[in-house]
Amino acid sequence: MTTQSQKSDPFLSDRPVVEPGRPLIEVEDLHKSFGSLQVLKGITTTINKGEVVVVIGPSGGGKSTFLRCLNLLETPTSGRIWFGGEEIVSGGSLQRDGTDLNLSHRARERNLNRYRSDMGMVFQRFNLFPHMTVLENVTMAPLAIRHVSRQAAYDKAMELLSRVGLPDKAAAYPQQLSGGQMQRIAIARALAMEPRVMLFDEPTSALDPEMVGEVLSVMKELAANHMTMVVVTHEMNFAREVADRILFLEGGNILEQGAPEKIFNSPQNARTRDFLGKVKKD
Amino acid sequence: MSLARFSAWWNDQSENFYLCFVKNDRWRYITDGLGRTLEVALAAVLLGALLGFILAIIRSTHDKHGRLKFLNALARLYITVIRGTPMTVQLLIAYFIVFSELNDKVLVAILAFGVNSGAYVAEIIRAGIVSIDAGQMEAARSLGLSYTQGMARVVLPQAVRNVLPALGNEFIVLLKDTSIASFIGLDDLARGGSIIRSQTYQAYIPFLAVAAIYLVLVMLFSKLLTRLERHLQRTGA
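What counts, and where the lines are drawn
- Residues numbered from 1 in each chain as written.
- Chains lettered and ligands numbered in written order.
- Predicted model: local features only at pLDDT ≥ 70, side-chain atom pairs only at ≥ 80, totals over all residues.
- Heavy atoms only, no water.
- Helix = DSSP H or I, 4+ residues; strand = E, 2+ residues; numbered from the N terminus.
- Contact = heavy atoms within 4.5 Å.
- Areas by Shrake-Rupley, 256 points an atom, 1.4 Å probe, with all protein chains shown as cover.
- Salt bridge = Lys/Arg side-chain N within 4 Å of Asp/Glu carboxyl O.
- Buried < 20%, exposed > 50% of the residue type's maximum accessible area, 1.4 Å probe, protein only.
- Buried area = accessible area lost by both parts, 1.4 Å probe.
- Expected span 1.5 Å × (residues − 1).
- Arc of directions from axis to C-beta.
- Pairing = 2+ DSSP bridges.
- Axes fitted to C-alpha atoms, helices over the stretch in contact; angles between N-to-C directions.
- Lys, Arg positive; Asp, Glu negative; His and termini not counted.
- Polar contact = N/O pair within 3.5 Å; in protein donor to acceptor, adjacent residues only side chain to side chain.
- pLDDT = per-residue confidence, 0-100.
- Core = buried A, V, L, I, M, F, W, Y, C linked by side-chain atoms within 4.5 Å.
- Parallel < 35°, antiparallel > 145°, perpendicular 65-115°, else oblique.
- Left-handed = near helix turned anticlockwise from the far one by under 90°.
- Nonpolar A, V, L, I, M, F, W, Y, C, P; charged D, E, K, R; others polar.

The next subject is the overall build of chain A. Across its full length, chain A carries nine helices and 10 strands. Partitioning the contacts of chain A with sequence separation of at least 6, the portion at a separation of at least 24 is 66%. Surface accessibility of chain A: about 12,300 Å² in total, with carbon and sulfur atoms responsible for 48%.

All names here are of chain A. Throughout the structure, instances matching the rule amount to 21 salt bridges over all chains. Across the pair Arg68 and Glu74 runs a salt bridge, and its minimum N-O distance is 3.0 Å. The salt bridge partner of Lys220 is Glu241, with a shortest N-O separation of 3.6 Å. A residue pair is termed long-range when its members are at least 10 positions apart, and Lys220 in helix H6 (residues 209-224) and Glu241 in helix H7 (residues 236-242) qualify at 21 residues. Note on Glu241: relative accessible area 56%, which makes it exposed.

This part takes up unusual backbone geometry. Even without being a glycine, Leu72 of chain A presents a positive backbone phi close to 60°. Residue placement: Leu72 of chain A occurs in the loop between helix H1 (63-70) and strand S4 (78-83). The buried category is assigned to Leu72 of chain A, whose relative accessible area is 6%. Here the phi dihedral of Asp25 of chain B falls at roughly 50°; this positive angle occurs in a residue that is not glycine. When you line up the elements, Asp25 of chain B lands in the loop between helix H1 (3-22) and helix H2 (27-65). The class for Asp25 of chain B is partly exposed, based on a relative accessible area of 44%.

Frequently, the measure chosen for interface size is the accessible area removed from exposure when the parts meet. With 23 residues of chain B at the contact, the number on the chain A side is 28 residues. Interface of chain B and chain A: buried area, both sides summed, is about 2,100 Å²; carbon and sulfur atoms make up 57% of it. When residues of chain B are sorted by the area they lose upon contact with chain A, Arg141, Ser142 and Leu143 of chain B head the list and together hold 28% of the total. Inspection of the chain B/chain A interface yields two salt bridges.

Attention now moves to H1 of chain B. All names here are of chain B. Spanning 20 residues, H1 covers 27 Å between terminal C-alpha atoms, matching the ideal 28 Å at 1.5 Å per step. Listed as buried for H1 are Asn16, Cys20 and Phe21. An end-on view of H1 places all buried positions within 105° of arc, on one side of the element. Set apart from the buried face of H1 by more than 90 degrees, the exposed residues are Leu3, Ala4 and Glu15. Positive phi appears at Asn24, one or two residues downstream of H1, with a value of about 55°.

Attention now moves to the sheet that holds strand S8 (residues 229-232) of chain A. Adjacent strands of a sheet pair through backbone hydrogen bonds, lying either parallel or antiparallel. Residues and elements named next belong to chain A. Ordered in space as S6-S7-S8-S3-S9-S10, the six strands form an open sheet in which the pairing is mixed. The sheet is open, and its two edges are formed by strand S6 (119-122) and strand S10 (253-258), each paired on a single side. Averaged over all pairs of adjacent strands, the angle between their axes in this sheet comes to 15°, without regard to strand direction. Relative to S10, strand S9 (residues 245-250) runs antiparallel, the two being bridged by five bridges.

The next subject is the side chain of Lys32 of chain A. Residues and elements named next belong to chain A. Along the chain, Lys32 turns up in strand S1 (residues 25-34). Here Lys32 is buried and forms no salt bridge, its nearest opposite-charge partner Glu74 lying at an N-O distance of 4.3 Å. For Lys32, the side chain forms a polar contact with the main-chain oxygen of Thr75, separated by 2.7 Å. Look past the residues within four positions of Lys32 in its chain and what remains in contact with it is Leu37, Gln38, Val39, Leu40, Thr65, Cys69, Glu74, Thr75, Pro76 and Thr77.

Once that is clear, we can look at the environment of Tyr147 of chain B. Residues and elements named next belong to chain B. Positionally, Tyr147 belongs in helix H7 (residues 147-177). As for Tyr147 and Thr61, which are separated by 86 residues in sequence, their C-alpha atoms are 9.4 Å apart. Excluding residues within four positions of it along the chain, Tyr147 makes contact with Thr61, His65, Met137 and Arg141. Within polar-contact distance, the side chain of Tyr147 engages the side chain of Thr61 at 3.0 Å.

Our focus in this paragraph is helix H5 (residues 105-131) of chain B. Helical geometry: 3.6 residues make up each α-helical turn, so side chains three or four residues apart lie on a common side. Residue and element names in this part refer to chain B. Taking 1.5 Å of rise per residue, 27 residues should cover 39 Å, and H5 covers 39 Å from first to last C-alpha, within 8% of that figure. Burial analysis of H5 places 19 of its 27 residues in the buried class, the great majority of the element. At the N-terminal boundary of H5, the capping side chain belongs to Asp104, with an oxygen 3.1 Å from the backbone nitrogen of Val106.

Here the focus is the confidence of the model for chain B. Residues and elements named next belong to chain B. Confidence in the prediction of chain B, expressed as mean pLDDT, is 91, and 98% of residues score 70 or more. Considering each helix and strand of chain B separately, the mean pLDDT is smallest for H1, with a value of 85, and largest for helix H6 (residues 134-142), with 96. Confidence estimates for the predicted assembly give a pTM of 0.83 and an ipTM of 0.87.

Before going further, it helps to spend a moment on the nonpolar core. All names here are of chain A. Within the largest apolar cluster, 51 residues are counted, with the highest numbers of intra-cluster contacts made by Val54, Ile187, Met198, Phe200, Met219 and Met229. Per-element accounting of this core gives the leading share, eight residues, to H6. Discounting residues that sit within four places of it in the chain, Met198 has contacts with Gly120, Val122, Ile187, Ala190, Leu191, Leu222, Met227, Thr228, Met229 and Val230. Val27, Val89, Phe123 and Leu199 belong to the second-largest nonpolar core, a separate cluster that totals 41 residues.

Bringing the pairing of strand S3 (residues 52-56) of chain A into the picture now. All names here are of chain A. Buried residues dominate S3, accounting for five of its five residues. Sheet topology note: the S3/S8 ladder contains four bridges and is parallel. Bridged to Val55 within S8 is Val232. Inspection of the sheet shows S3 paired to S9 by four bridges, in the parallel sense. Among the inter-strand pairings, Val53 is bridged to a residue of S9, identified as Arg245.

Quick look at the packing of helix H4 (residues 150-163) of chain A against helix H5 (residues 179-191) of chain A now. All names here are of chain A. Taken N-terminus to C-terminus, the directions of H4 and H5 make an angle of 140°; their axes are 9 Å apart at the nearest point. In terms of orientation, H4 and H5 fall into the oblique class. Remark: the crossing between H4 and H5 carries right-handed chirality. Residues Lys156, Leu160 and Leu161 of H4 form the contact with H5, whose own contacting residues are Ile185, Ala188 and Leu191. A breakdown of the residues in the contact of H4 with H5 according to their chemical character gives five nonpolar, no polar and one charged.

So, in structure tokens, the structure goes:
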């Protein structure tokens, strides 16, 4: 952004300021069950500003559920989450449908929408809006939520489309694009809200192999520009190269975490060793 | 058929045609009736669409989130009753019981047909909403849109597009159904034919003419709908 004052910038208004020295996201004893199936069994971790955290682990281990709990696409069964120092999930006060007993449904929804607009999410299956052009996909949320001017939204969108290498696709519809292009547009769409953290849910798993690289390189560029990122992925090379910290998640618990060199070269946990051994064979 | 017999038959038909449509300005029964039919059908379509959207959103919001329990029960009752009873009976109940104070037959017909159509439109739209991948709403919510915004901007436009043929069919049924409005004495297109028959004792010409007009209306509408579908296909999925 240019050097505008924070107040006049619609992208930055009404955002809580993170207390200095406090992590951007704090998760404490997070549990999530689907019926009798316990998927998360007490996750505690923090995500610092500017950090790239890569979550790895076997399928069904709770990686995606963990990510989806962060922006409350799934409502945690119990536990606490702070985002920017603000408590967005407080233990034990959630009803079955996620309603905080201390707040009216309407007030809670308003808060929720604000948190989510600050957390960009990229999905495995892109989830672009097929009835909108690429440009409309990218400008829709800033226009609808931040109430920026059409010109500002357009300028921002074109800047982002250039950043992901697709400025000439603004007028195209999603189904005219390849998977890799769709995922890059999805990243641009999330970035248009100027989120403080980007969540990636297996962003390359649905792609043909030759398209994985173009998406990863966009993500690397984001990381290089100090975007805070939480990435669930099976791309071990990406994890090794880009991550500041690796979380190994299995059976609903974080079994091991640390710097990539440590995790990949000298994993302490037997399950981590086992998993990495299997992945390397592939 | 000999030429003489043909010309006698032709003369008869011309005379009948004159009797049915020209004499005493009887064509006015047809044109006035057509106007009333279109008025009732168009207004009822709008009312039905409005009711249908509201009911569909209530139903699908409830099924997905368990909220709006009372409204959902009401919506289900409404849909069950409307779909479970004949349109003619509903019209008679509307005219003689529910709106018995109302003397405006056109208005009663609009309300009866609109309320009826709403139940069918609701189920069509609901099917459309269910057909949209859950990831679409998730993507909208992840950007910070509210549930309502996600519905209005992302889910409903796609849902309506998917069920456009079924909606078109419902509108065609509604247009033809308005012909039973003669049960409450509304002078619509079908009744226009009926009045001419009772005055002239000619059945063929007035009823065939009425049928032809309905047919042309439906064909015109189908054509418009096909065009709209093609247009939507060109602009996106």
